[in-house]
Amino acid sequence: MSDKLKKPPVRDISDLKAKLGLAKGPSKQAPGGAVPPPAGVVAPPGAGGVVPPSGVVPPAGGIVPPAGYRPPVQRQPQQQAAPVDEGPMEPIAMHGNKQLILNIAFGVGAVVAFFGGCQCGKMVLIRGWVNKVTTDCQKITKTLKKVNRVVRRMQAIDNTYGLVDKRGRPVKEYSPEFGNKAIKLVSDLANIKEAEVFGIFYNLLEAKDRPVVGRLFIYFAALRRLRYQVVSLRKFEAAQAEMLLVMTKEGGQAVSKEMGKVAFGVYSAGPGQVALTLLDPKNAVCGKKLNEPCGKKAPQGYKINDVSYAFKGGKPEQRLTRVNVGAMGGLAKCMTSNSAIQQRIWFGHAAWSMYRMYRMAITKTLHDIQDQAKPSEIYKVYNRYASRKKVNHYVIF
């Protein structure tokens, strides 16, 4: 009973609801179709029965918060934005262990394919090298047969028409036969080429055979030099043919014949004086007055210093006497011909000296070929590689 007595009286809150705008009015729906809040919930002033967008819920029980009170903000679950259609989407990449294993598998496969392809390419390429070397060696061997034959024949004619005789004495007789034969031989050397497989061939040779490649280049260079020397010799011979003819056997006989027509004579050069002179055949005179050319007749006298001297008859002071000057040694040797013949002899000896220089250069080149290039050894090595069969399977070095 005491508790009931102490219970405070019920307060009429209708006025309060009216102040807060919660009093029930006519039964009409709020503008905009808003639904009034449930019973017991006091809406803030001016809310019009709409829940605040901020999500703030006023205190329950119809208690009016004091001035300046700011109720706590309750976090609402984050709403997902509506998807926007931006066209077809790219496939989503895989992640995780499955993708890692797949990437490793792809990497290993690529490495294996790379090394496998390289090895196959290496085998095919080296097989091509070996067969190409065999083919090129066959071409070189064919060329070596031809040029080696040229060298052997050049050596033979160089010995046949040598510059010294069997006793080692210098030969003083020129023969055009050497040049005539040599120029025909070196015509085959015009189109020779160096080895076409220098780089590949050298690497595929055995170590003991590798020096032959360098000797091949020395050989071909010497052959070109030999051809140049022979061609130069022939040009010189053509330019000096007349002078070199004096040094031939036939030319020497012709000069001796001309010299046999030359004689010395003594004539009166004044009171109590005599002079020795060369009786040049071109100055021979005939006839009673010694004013006619002799032709094929024997000379009756000679014209000396514009005066005709006779062997017989005439004035004693103009009489010519033949003399023998063979005992005069060197003087007689120097005066055994007229100036024209003497010049021919001098020019002939000068041309012969130049010819010997050309010949000595050719001889030296032939010796260098044998000593440095060694053609027979070059041929043996190249022929050994050219004679092997071509490779029909893969070869790995």
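This structure is a prediction, so every number in the text was calculated from the model and none was measured. (Residues numbered from 1 in each chain as written. Predicted model: local features only at pLDDT ≥ 70, side-chain atom pairs only at ≥ 80, totals over all residues. Heavy atoms only, no water.)

Before going further, it helps to spend a moment on the overall build of the protein chain. A tally of helices and strands in the protein chain yields 11 helices and 6 strands. Across the 397 residues in the protein chain, those meeting the buried criterion constitute 27%. Roughly 28,300 Å² of accessible area belongs to the protein chain as shown, and the carbon and sulfur atoms make up 58% of that amount. (Helix = DSSP H or I, 4+ residues; strand = E, 2+ residues; numbered from the N terminus. Buried < 20%, exposed > 50% of the residue type's maximum accessible area, 1.4 Å probe, protein only. Areas by Shrake-Rupley, 256 points an atom, 1.4 Å probe, with all protein chains shown as cover.)

Further remarks concern the sheet that holds strand β3 (residues 284-285). With respect to topology, 3 strands assemble into an open sheet ordered β3-β4-β5, the strand pairing being antiparallel. Each edge of the open sheet carries a strand with a single partner, namely β3 and β5 (307-310). Bridging between β3 and strand β4 (residues 301-304) involves 2 bridges; their strand directions are antiparallel. Each residue of the ladder has a partner; that of V285, found in β4, is G301. (Pairing = 2+ DSSP bridges.)

Moving on, we come to the pattern of salt bridges. One pass over the full model with this rule turns up 8 salt bridges. In this structure, the salt-bridge partner of R359 is D158, at a minimum N-O distance of 3.2 Å. Pair noted here: R359 is in helix α10 (residues 339-373) and D158 is in helix α3 (residues 97-160), with a separation of 201 residues, a long-range link. Here R384 and D209 are joined by a salt bridge, their closest N and O atoms 2.3 Å apart. Of the two residues, R384 sits in helix α11 (residues 375-386) while D209 sits in the loop between α5 (198-204) and α6 (211-239), which places them 175 residues apart along the sequence. A relative accessible area of 42% places R384 in the partly exposed class. Each of R225, K364 and D368 takes part in one network of salt bridges that share partners. (Salt bridge = Lys/Arg side-chain N within 4 Å of Asp/Glu carboxyl O.)

Here we take up the packing of aromatic side chains. Taken as a whole, this structure holds 7 aromatic pairs when the rule is applied. Geometrically, the ring pair formed by W352 and Y355 is stacked, given 5.5 Å between the ring centres and 20° between the ring planes. Linking W352 with Y355, this pair stays in helix α10, spanning 3 residues, or about one helical turn. When sorted by exposure, W352 lands in the same class as Y355, which is buried. Ring pairing ties together the aromatic residues Y174, W352 and Y355, which thus form one cluster. The aromatic ring of F178 is capped on one face by R359, whose charged end is 3.7 Å from the ring centroid. (Phe/Tyr/Trp six-rings, centres within 6.5 Å; stacked < 30°, edge-to-face > 60°. Lys NZ or Arg CZ within 6 Å of the ring centre and 35° of its normal.)

Let us look at the state of the cysteines. Here the structure, examined in full by the defined rule, presents 1 disulfide. Linked covalently through their sulfurs, C286 and C294 form a disulfide whose S-S length is 2.0 Å. With the S-S dihedral at roughly 110°, the linkage between C286 and C294 falls on the right-handed side. The buried category is assigned to C294, whose relative accessible area is 9%. (Disulfide = S-S within 2.5 Å.)

With respect to topology, 3 strands assemble into an open sheet ordered β2-β1-β6, the strand pairing being antiparallel. Both outer strands of the open sheet, β2 (273-279) and β6 (320-323), are each paired with one neighbouring strand and no more. The mean angle between the axes of side-by-side strands here comes to 35°, regardless of whether they run parallel or antiparallel. Examined bridge by bridge, strand β1 (residues 263-270) and β2 share 7 bridges and lie antiparallel to one another. For Y267, the partnering residue across the bridge sits in β2 and is A275. (Axes fitted to C-alpha atoms, helices over the stretch in contact; angles between N-to-C directions.)

Along the polypeptide, P293 turns up in the loop between β3 and β4. In this structure, the C-alpha to C-alpha distance between P293 and N283, residues 10 residues apart in sequence, is 8.6 Å.

Further remarks concern a positive patch on the surface. Together, K142, K146, R149, R152 and R153 line one region of the surface with positive charge. Inspection of the secondary structure assignment puts R149 in helix α3. (Patch = residues over 30% accessible without salt bridge, like charges linked within 9 Å, V, L, I, M, F, W, Y side chains within 5 Å. Lys, Arg positive; Asp, Glu negative; His and termini not counted. Charge placed at Lys NZ, Arg CZ, Asp CG, Glu CD.)

Both β4 and β5 contribute to a ladder of 4 bridges, which runs antiparallel. Its bridge partner being in β5, I304 is matched across the sheet by V307. In this structure, the hairpin formed by β4 and β5 is closed by a connection of 2 residues, where N305 is found at a positive phi of approximately 50°.

This part takes up the side chain of E237. Looking at the secondary structure, you find E237 in helix α6. Separated by 2.6 Å, the side chains of E237 and Y174 make a polar contact. Contacts of E237, omitting those with residues within four sequence positions, involve Y174, P176, G179, L244 and Y355. (Polar contact = N/O pair within 3.5 Å; in protein donor to acceptor, adjacent residues only side chain to side chain. Contact = heavy atoms within 4.5 Å.)

In summary, soluble globular proteins display a tendency toward joint burial of nonpolar side chains. Counting 43 residues, the largest nonpolar core has L144, M154, Y219, L223 and Y382 as its most contacted members. Contributing elements (two or more residues each) for this core: α3, α4 (177-185), α6, α7 (241-245), α10 and α11. No other element matches α6, which puts 11 residues into this core. One finds Y267, L279, A284 and Y302 within the second-largest nonpolar core, a separate group that totals 11 residues. (Core = buried A, V, L, I, M, F, W, Y, C linked by side-chain atoms within 4.5 Å.)

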